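# An overview of the molecular structure
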Amino acid sequence: MANPWTGRGNPYTRQEVRDRLQKVIDQKKAIIAAGAGTGISAKFIEKGGADLIIIYNSGRFRMSGHGSTAGLMAYGDANAVAMEIGEFEVLPVVEDIPVICGVHGSDPRRRIWHHLLKVKEMGFSGINNFPTHCIVDGQFRQVLEETGMGFDKEVEMIRIANKMELFSIVYVATPKEAIQMAEAGADAIIAHVGTTVGGSIGVTGASCTMDDAIERTNNIIAAVKKINPGIFFLTHGGPINTPEDVNIILEKTKAHGFVGASSLERMGVEKSLTELTMEFKKLKIYV
């Protein structure tokens, strides 16, 4: 059943979310999950037929005209922002599809089990590990790990969510991280291959190639299938931006679908607003 108080919509149980995604796969269709930083985005992403909506703090930055990487910086309380977008913008307007909350699992100021209870009480149908430290590398990543703010905190969050029967869809960047998340009980794994290219604030030289994205995605999927073949696999980021790009990676990997944040929300707004404004500017006056 859906919402036990209204009979429709969020929150869904973990199994209900899994069943909905499995139904998409059984129809030989790709699962499409979309990031939403505003209520208007979520409303029309749902009308477009997405299967999941994920709320990130980066969505607020993205829809304010800034790069999504701002969501990894100390520009605000990531967990508070995601909860605020959910409570006041997205959950009130989404009628049917599951809404997932991005949670910064390594926030040292929070008892993560307590925050997850609040996420569940708010009416979200699951969680995602964003901001995630899996996309941080080099010396800074090592510092985070050595000072108690590493990826293992995100894994522990998923282990707790598993006990709470919260659906979890997680970002990973390597097979090792994917195995950790699978063992913690993640329901869906997203192979994150980097910041999305394209548009006004997408990366250019900082992206991997499509061949690299395919190889990394396949390696992540292969590693997890040995542990739990029932996990849903999705792909995200880097050169995977347009529907044509997604089709390429779906053809060449065993992924079940795609997670689009910038590539769905930001790119859609940039293109449509530019073109619509240009059409208005073609108008003449008659005086």
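I will try to describe carefully the structure that is included in this document. Throughout this document, residue positions are counted from 1 along each chain, in the order its sequence is written. In keeping with the model being predicted, local features are shown solely for residues with a pLDDT of at least 70 and side-chain atom pairs are shown and tallied solely at 80 or more, while totals for entire chains, interfaces and linings include all residues. Side-chain metrics rest on all non-hydrogen atoms present in the structure, leaving aside hydrogens and water.

This part takes up the pairing of strand 3 (residues 99-102). A 1.4 Å probe rolled over the protein chains alone gives each residue an accessible area, and that area as a share of the maximum for its type sets the label: buried under 20%, exposed over 50%, partly exposed in between. Helix and strand definitions here come from DSSP, where helices need a minimum of 4 consecutive H or I residues and strands a minimum of 2 consecutive E residues; each element is numbered from the N-terminal end. Burial of strand 3 is two-sided: the residues Val-99 and Cys-101 facing one way and the residues Ile-100 and Gly-102 facing the other way are all buried. Looking at chain direction, strand 2 (residues 52-55) and strand 3 are connected through 3 bridges and run parallel. Considered in strand 3, the bridge of Ile-53 is made with Val-99. With 3 bridges connecting them, strand 3 and strand 4 (residues 126-128) associate as parallel partners. The residue bridging Cys-101 from the neighbouring strand is Ile-127, located in strand 4. Handedness of a crossover: with both strands directed away from the viewer, a clockwise path from the first strand across the helix to the second marks it as right-handed. Handedness of the crossover joining strand 3 and strand 4 through helix 5 (residues 112-122) is recorded here as right-handed. Strand pairing is assigned whenever DSSP detects at least two bridges linking the two strands.

Time to look at the packing of aromatic side chains. Stacked, edge-to-face and tilted labels apply to pairs of Phe, Tyr and Trp rings (six-membered ring for Trp) whose centres lie within 6.5 Å, assigned for plane angles under 30 degrees, over 60, and everything in between, in that order. Evaluation of the coordinates by the stated rule reveals 4 aromatic pairs. Centroid distance Phe-61 to Tyr-75: 6.2 Å. Interplanar angle 65 degrees. Geometry classified as edge-to-face. With Phe-61 in helix 3 (residues 57-62) and Tyr-75 in the loop between helix 3 and helix 4 (78-90), this residue pair connects regions lying 14 residues apart in the sequence. Of the residues examined, Tyr-75 reaches a relative accessible area of 55% and is grouped as exposed. Summarising the aromatic geometry, the rings of Phe-130 and Tyr-171 are spaced 6.2 Å apart at their centres and angled 70 degrees between planes, so their arrangement reads as edge-to-face. Residue Phe-130 is located in the loop between strand 4 and helix 6 (138-146), and its partner Tyr-171 is located in strand 5 (residues 167-172); the two are separated by 41 residues in the primary sequence. As far as burial versus exposure is concerned, Phe-130 and Tyr-171 are alike and both buried.

This part is about the pattern of salt bridges. Here, a salt bridge means any Lys or Arg side-chain nitrogen found within 4 Å of an Asp or Glu carboxyl oxygen. In the structure shown here, the tally under the stated rule is 17 salt bridges. Arg-110 is paired through a salt bridge with Asp-107; the nearest N and O atoms lie 2.9 Å apart. Judged by its relative accessible area of 24%, Arg-110 is partly exposed. Residue classification places Asp-107 among the buried positions, given a relative accessible area of 7%. A network of salt bridges, in which partner residues are shared, links Arg-14, Arg-18, Glu-165 and Asp-187.

Here we take up helix 1 (residues 14-26). Within an α-helix, residues lying three or four positions from one another point in the same direction, as the helix has 3.6 residues per turn. Expected helix span is computed as 1.5 Å times (number of residues minus one). Its 13 residues give helix 1 an end-to-end C-alpha distance of 18 Å, which sits within 8% of 18 Å, the value for a rise of 1.5 Å per residue. Looking at helix 1, one finds that the buried residues are Arg-14, Glu-16, Val-17, Leu-21, Val-24 and Ile-25. For helix 1, the secondary structure elements touched by its buried residues are strand 1 (31-35), strand 2, helix 7 (151-163), strand 5 and strand 7 (232-236). Contacts: residue pairs with any heavy atoms within 4.5 Å of one another.

With that out of the way, let us pick up the environment of Cys-208. The topology assignment puts Cys-208 in the loop between strand 6 (188-192) and helix 9 (210-225). With a relative accessible area of 17%, Cys-208 lands in the buried category. A C-alpha to C-alpha distance of 32 Å links Cys-208 and Gly-39, two positions 169 residues apart in sequence. When near neighbours in sequence (up to four residues on either side) are disregarded, Cys-208 contacts Val-193, Ala-213, Arg-216 and Pro-239.

For the rest of this paragraph, the subject is the sheet that holds strand 6. In spatial order, the strands read 1-2-3-4-5-6-7-8; together these 8 strands close into a barrel with parallel pairing. Averaged over all pairs of adjacent strands, the angle between their axes in this sheet comes to 25 degrees, without regard to strand direction. With 2 bridges joining them, strand 4 and strand 5 adopt parallel strand pairing. By the bridge assignment, Gly-126 is partnered in strand 5 with Phe-167. Axes here refer to lines fitted to C-alpha atoms; in helices the fit is confined to the stretch in contact. Angles between the N-to-C directions go from 0 to 180 degrees. Against the sheet, helix 8 (residues 175-184) engages strand 5 and strand 6, with an angle of about 165 degrees to strand 5.

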